[in-house]
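# A closer look at the structure
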Amino acid sequence: DIEIVRLARTPTLILLPTERGRLAIAPADDAELLDALTRAARARQRLDELALPAAPAVAPPPEPVVPPEVEGPHILTGIERALLEERLGQERRAEAEAAAIAEASAAEAAAAVPEEQLESAEVAEVAEAPPVASRRRAARPSWFRLPRVAVRRPRPSAVLVLFPLIGAGSAWGAGLLAGGMPAAGTDLARLTSLALVLSGPATSVGAILARAWWPRMVGVVVAGGLAASVFIGRALVGG
């Protein structure tokens, strides 16, 4: 049998095992209920410790609690969760105290050694093992140390910007001399003019931008414009 106590309308209940049976509580505040159960569990534990006979001065460390193997997952109740957290906190505090005692003993042992021996040991270590970098610097002669000079990459010449214009003009002139220019007003004439503009003035503008932000790309841009001008001139002369 389960006795239900509703303190609020909640979709879940907290099931507690008691001496008189199981008790299901629908709390108004889960945190407040868990706090009260934790305090009650601690008080019960103190009463049980007082009822037991006096323990020896040095108690053995508590054995790790191995949960029994069950077929399904075990859901911890509020009291079990509080006891587990308290046990883990005690283990952490015991480990911290042991570490502090070990550090204090190490500090006392280091303080017991005379300072003169420590200084002599440090000097001996430094004299036996000098740094590798300092030995290399000492092995190099004075004339071997070259001054550091900041080298800047030369920017491409501004004359390269004019090459696409010269190439496009040469293709246009070759087309006029050979009589291969299409008739004005036709679609072929408009396409030819567009190709000459892209290979000449547009490529020069691209070379100017590349020289300002990407100097290494100036040669690629100029070479592309010149190649396009060569193909256009070949088509005009051959047409």
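What counts, and where the lines are drawn
- Residues numbered from 1 in each chain as written.
- Predicted model: local features only at pLDDT ≥ 70, side-chain atom pairs only at ≥ 80, totals over all residues.
- Heavy atoms only, no water.
- Helix = DSSP H or I, 4+ residues; strand = E, 2+ residues; numbered from the N terminus.
- Contact = heavy atoms within 4.5 Å.
- Areas by Shrake-Rupley, 256 points an atom, 1.4 Å probe, with all protein chains shown as cover.
- Salt bridge = Lys/Arg side-chain N within 4 Å of Asp/Glu carboxyl O.
- Buried < 20%, exposed > 50% of the residue type's maximum accessible area, 1.4 Å probe, protein only.
- Expected span 1.5 Å × (residues − 1).
- Arc of directions from axis to C-beta.
- Pairing = 2+ DSSP bridges.
- Polar contact = N/O pair within 3.5 Å; in protein donor to acceptor, adjacent residues only side chain to side chain.
- Axes fitted to C-alpha atoms, helices over the stretch in contact; angles between N-to-C directions.

Looking only at helices and strands, the protein has 7 helices and 3 strands in total. Ordered by position from N to C terminus, the α and β elements of the protein give β-β-β-α-α-α-α-α-α-α. Pairs at least 24 residues apart make up 49% of the contacts formed inside the protein by residues separated by at least 6 positions. If you sum the accessible surface of the protein, you get close to 19500 Å²; carbon and sulfur atoms cover 63% of it.

Across all of its chains, the model carries 4 salt bridges by this definition. Its salt-bridge partner being arginine 42, residue glutamate 86 comes within 3.9 Å of it at the nearest N-O pair. Linking glutamate 86 in helix H2 (residues 78-112) with arginine 42 in helix H1 (residues 30-51), this pair joins segments that are 44 residues apart in sequence. When its relative accessible area of 36% is taken as the criterion, arginine 42 is described as partly exposed. Its salt-bridge partner being arginine 44, residue aspartate 48 comes within 3.7 Å of it at the nearest N-O pair. Separated by 4 residues within a single helix, aspartate 48 and arginine 44 lie in helix H1, roughly one turn from each other. Given the relative accessible area of 40%, aspartate 48 is considered partly exposed. Exposure remark for arginine 44: the relative accessible area of 46% places this residue in the partly exposed category.

When the terminal C-alpha atoms of helix H5 (residues 163-178) are compared, their 22 Å separation across 16 residues agrees well with the 22 Å that a helix rising 1.5 Å per residue should span. Three or more residues of H5 are buried, namely Pro164, Gly167, Ala168, Ala171 and Gly175. For H5, the arc enclosing every buried residue in end-on projection is 95 degrees, short of the 170-degree limit, so these residues lie on one face. Downstream of H5 by a residue or two, glycine 179 has a phi angle that is positive, lying close to 75 degrees.

The sheet contact formed by strand E2 (residues 14-18) and strand E3 (residues 21-26) spans 5 bridges and is antiparallel. Bridging from a neighbouring strand, isoleucine 14 pairs with isoleucine 25 of E3. Hairpin remark: E2 followed by E3, antiparallel, with 2 residues in the connecting loop.

The topology assignment puts threonine 203 in helix H6 (residues 187-213). We classify threonine 203 as buried; its relative accessible area is 10%. Engagement of the side chain of threonine 203 in a polar contact is seen with the backbone oxygen of serine 199, the distance being 3.3 Å. Setting aside residues up to four positions removed in sequence, threonine 203 forms contacts with Pro164, Leu198, Val221, Val222 and Gly225.

In space, the 3 strands of this open sheet follow the order E1-E3-E2, with mixed pairing throughout. The open sheet terminates on both sides in strands that have one partner only, identified here as strand E1 (2-6) and E2. Between one strand axis and the next, the sheet turns by 25 degrees as a mean value, whatever way the strands run.

Turning our attention to H1. Look at H1: 31 Å from first C-alpha to last across 22 residues, which is about the 32 Å you get at 1.5 Å a residue. All buried positions along H1 are accounted for by Leu33, Leu37, Thr38 and Ala41. Projected onto a plane normal to the axis of H1, the buried residues spread over an arc of 135 degrees and lie on a single side. Exposed positions of H1 whose direction lies more than 90 degrees from the buried face are Ala31, Glu32, Arg46, Leu47 and Leu50. Among the residues of H1, the N-terminal cap falls to aspartate 29, whose side-chain oxygen and the backbone nitrogen of alanine 31 are separated by 3.3 Å.

These values are about where atoms sit, not about what they do.
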